[in-house]
Amino acid sequence: MLDVMRSNARSSLIVLIFGAIIVTFIFSFGRGSSGYRTRTPETWAAKVNGDVVTAGDFAQAYASRFRQISAQRGGKYTVDNAKQDDLKRLTQFQQNGSFDFDYYKRLVENGYGMSVARFEDAWRRDMLRTKVLQSVLNGAQVSDDEVRAWYVAQHESASIGYVKFTGFMFRDKAQATDAEAEEYAKAHAREIEAAYEKDAKTRWTQPPAVKVRVITVRVPPGSTAEQEQAARSRIEAALAEVKAGKDFAAVAKEKSEDATKDSGGDLGFVSRGASPYGKTLEDEASKLEPGQLSAVFKDRTGFHLLKAEEKKPERVQPLSEVRNQIAQEQLRAQKGAELARQKAQEALVTLKGGKRLEDLYPAKKTEPGQFDFTSFTTPQAQETEPFHPVGGYVPGVGLAP
């Protein structure tokens, strides 16, 4: 056919045929014609009474129906189930294969608990939100590097070996003389004052305290009622001697059954929350004024009797008293940090020379579940669990972007 047309290319009939074809294309597909589109229109899935149901509308309705059925079945609804139910036909509002308005109205009002108008308005708004969201997503530009970074963050992980060097590990070697502390205090007056203000109400505040002596009669765990009564009798006898005028310290040396016996029961100054003697004894001591005796009381170790000798009120140590102590601590912390950095640099050089962390700083072997405090006091090789690079956090190390 093409050969015939070529051989008769100058024929007037051929010219007329090609002219007709060209005119048809111009009017049918040229700019402004119904066949011309600046962008590809959205495909339609169905036409109902002349109204077009787009593929997007259909997909949205299908997804919504899928979610609804899945919720009704406790989340146990799969794509295969949807195929078996012929869900894509969306026969939710049909009776006998055709749309039934009365059935649709009853289902909406009873099944969804709303009027038809409200139901349709909700659907319109939901469809509009979906279209807006889809437009935003379609317009979002993502580079290859961003995609790669997201993939790595979600799917790739790493574990690393590391050794920590902290100033605390080198505190014994980080010494400072009094002269160095004085010079440091002069050069860092503001830092020292800030540290003092931070701890003034806690570390530098001495709570009220009472200097007491004690007479103790032990009641071992598991003692019988008879044994406990015998212990009470001994402490009551000691109290009677003291009330009769005998020196409390002398009675303690004779009758007390604890480690303070040789010192006449001297416990020194006792304050709430700052002694090793327990809350019960601290509370009893805090009630006493100098010269007073406590009543006999019992705690977990046995029966006790106290006598107060001196009382000190709460006192805040002034900065002048603790300035050099703070300077010493800050200077030692600074020196410890410098030593830690120096040791870390030396370790890095050694590692680059071919050594292994495990050989340089072997970890102390511990039993499963056993806490190893030495990991805080000496450098030890450790290894993290696999982790993702999200957030710049390394387990065991901390923030490390």
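Residues numbered from 1 in each chain as written. Predicted model: local features only at pLDDT ≥ 70, side-chain atom pairs only at ≥ 80, totals over all residues. Heavy atoms only, no water.

## What to know about the overall build of the protein
What counts, and what does not: Numbered from the N terminus, helices here are DSSP runs of H or I no shorter than four residues, and strands are runs of E no shorter than two. Buried residues are those whose accessible area, probed at 1.4 Å on protein chains only, stays under 20% of the maximum for their type, while exposed residues exceed 50% and partly exposed ones sit between those limits. By definition in these notes, contact holds between two residues if any of their heavy atoms fall within 4.5 Å.
Assigned secondary structure in the protein consists of 15 helices and 14 strands. Relative to its full complement of 401 residues, the protein shows a buried share of 25%. Taking all contacts inside the protein whose residues are at least 6 apart in sequence as the whole, residues at least 24 apart take part in 60%.

## Quick notes on the pattern of salt bridges
Spelled out, the test is: A carboxyl oxygen of Asp or Glu within 4 Å of a side-chain nitrogen of Lys or Arg is what we treat as a salt bridge.
Counted by the stated rule, this structure contains 21 salt bridges. The partner of Arg213 in a salt bridge is Glu309, and the shortest N-O contact between them spans 2.6 Å. Placement of Arg213 in strand β7 (residues 209-218) and of Glu309 in strand β10 (residues 302-312) is noted, with a sequence separation of 96 residues between them. Judged by relative accessible area, Arg213 falls into the buried class, the value being 17%. Salt bridges sharing common partners tie together Lys211, Arg213, Asp266 and Glu309.

## Thoughts on the nonpolar core
The line we're drawing: Definition of nonpolar core: a set of buried residues of the types Ala, Val, Leu, Ile, Met, Phe, Trp, Tyr and Cys, connected through side-chain atoms within 4.5 Å.
Of all hydrophobic cores here, the largest spans 14 residues; its most connected members are Ile215, Ile235, Phe303 and Leu305. For this core, the secondary-structure elements that each account for two or more residues are β7, α10 (225-243), α11 (248-255) and β10. Of all hydrophobic cores here, the second largest spans 13 residues; its members include Tyr184, Ala185, Ala200 and Ile326.

## Description of the sheet that holds strand β8 (residues 266-270)
For clarity, the threshold we go by: DSSP-based pairing: two strands are paired if at least 2 bridges between them are found. Throughout, an axis means a line fitted to C-alpha atoms (over the contacting stretch in the case of helices), and angles, computed between N-to-C directions, take values from 0 to 180 degrees.
Across the sheet, four strands lie side by side as β8-β7-β10-β9; this open sheet has antiparallel pairing. Of all strands in the sheet, those with a lone pairing partner are β8 and β9 (297-298), marking the two edges. Along the sheet, α11 makes contact with β7 and β10, crossing β7 at roughly 35°.

## Observations concerning the packing of helix α8 (residues 178-187) against helix α13 (residues 319-352)
The test is simple: Orientation categories follow fixed angle ranges, with anything under 35 degrees roughly parallel, anything over 145 roughly antiparallel, 65 to 115 roughly perpendicular, and all other angles oblique. Note on residue classes: Ala, Val, Leu, Ile, Met, Phe, Trp, Tyr, Cys and Pro are nonpolar, Asp, Glu, Lys and Arg are charged, and everything else, Gly too, is polar.
Where α8 contacts α13, the two axes come as close as 8 Å, and the packing angle between them is 95°. As summarised for this structure, α8 and α13 are arranged roughly perpendicular, according to the angle between their axes. For the pair α8 and α13, the contacting residues are Asp178, Glu180, Ala181, Glu182, Tyr184 and Ala185 in the first and Arg323, Asn324, Ala327, Gln328, Gln330, Leu331, Gln334 and Lys335 in the second. Taken together, the residues of the contact of α8 with α13 break down into five nonpolar, four polar and five charged.

## Here we look at α10
The α-helix advances 3.6 residues per turn, and as a result positions three or four apart in sequence lie on the same side. The condition is simple: For a helix, the expected span equals 1.5 Å multiplied by the residue count minus one. Working note: the arc is built from the helix axis to C-beta atom directions.
Helix length check: α10 (19 residues) gives 27 Å between terminal C-alpha atoms against 27 Å at 1.5 Å per residue, within 8%. Within the sequence span of α10, burial applies to Ala231, Ile235, Ala238, Leu239 and Val242. Looking down the long axis of α10, one finds its buried residues gathered within 100° of arc, a one-sided arrangement. Opposite the packed face of α10, turned more than 90 degrees from it, sit the exposed residues Ala225, Glu226 and Lys243. Against β7, α11 and β10 lie the buried residues of α10. Gly245, located one to two residues past α10, shows a positive phi value of around 115°.

## A closer look at the side chain of Lys211
With respect to the helices, strands and loops of the structure, Lys211 is situated in strand β7. In contact with Lys211, other than residues within four places in its own chain, are Asp266, Gly268, Phe269, Lys307, Ala308, Glu309 and Glu310.

## Remarks on the packing of aromatic side chains
Defined as follows: Any two of the Phe, Tyr and Trp rings considered here, Trp counted by its six-membered ring, make a pair once their centres fall within 6.5 Å; the pair's planes then place it as stacked at under 30 degrees, edge-to-face at over 60, or tilted in between. By definition here, charges over rings are those cases where NZ of Lys or CZ of Arg is within 6 Å of the ring centre and within 35 degrees of the ring normal.
Going through the model one piece at a time under the given rule, you end up with one aromatic pair. Measuring from ring centre to ring centre gives 5.4 Å for Phe165 and Tyr361, while their planes differ by 85°; the resulting arrangement is edge-to-face. One end of the pair, Phe165, is in the loop between β5 (161-162) and α8; the other, Tyr361, is in the loop between α14 (357-360) and α15 (374-377), and 196 residues separate them in sequence. Residue placement shows Arg171 over the ring face of Phe168; its charged tip is 4.2 Å from the ring centre. Between the NZ or CZ atom of Lys312 and the centre of the ring of Phe269, over which it lies, the distance is 4.2 Å.

## A closer look at the pairing of β7
Consecutive residues of a regular strand have side chains that alternate between opposite faces of the sheet. A large share of β7 lies buried, amounting to nine of its ten residues. Pairing of β7 with β10, which is carried by ten bridges, proceeds in the antiparallel orientation. Paired with Arg218 across the two strands is Gly302, which belongs to β10. Note that β7 and β8 share four bridges and pair antiparallel. Of the residues in β8, the one forming a bridge with Arg213 is Asp266.

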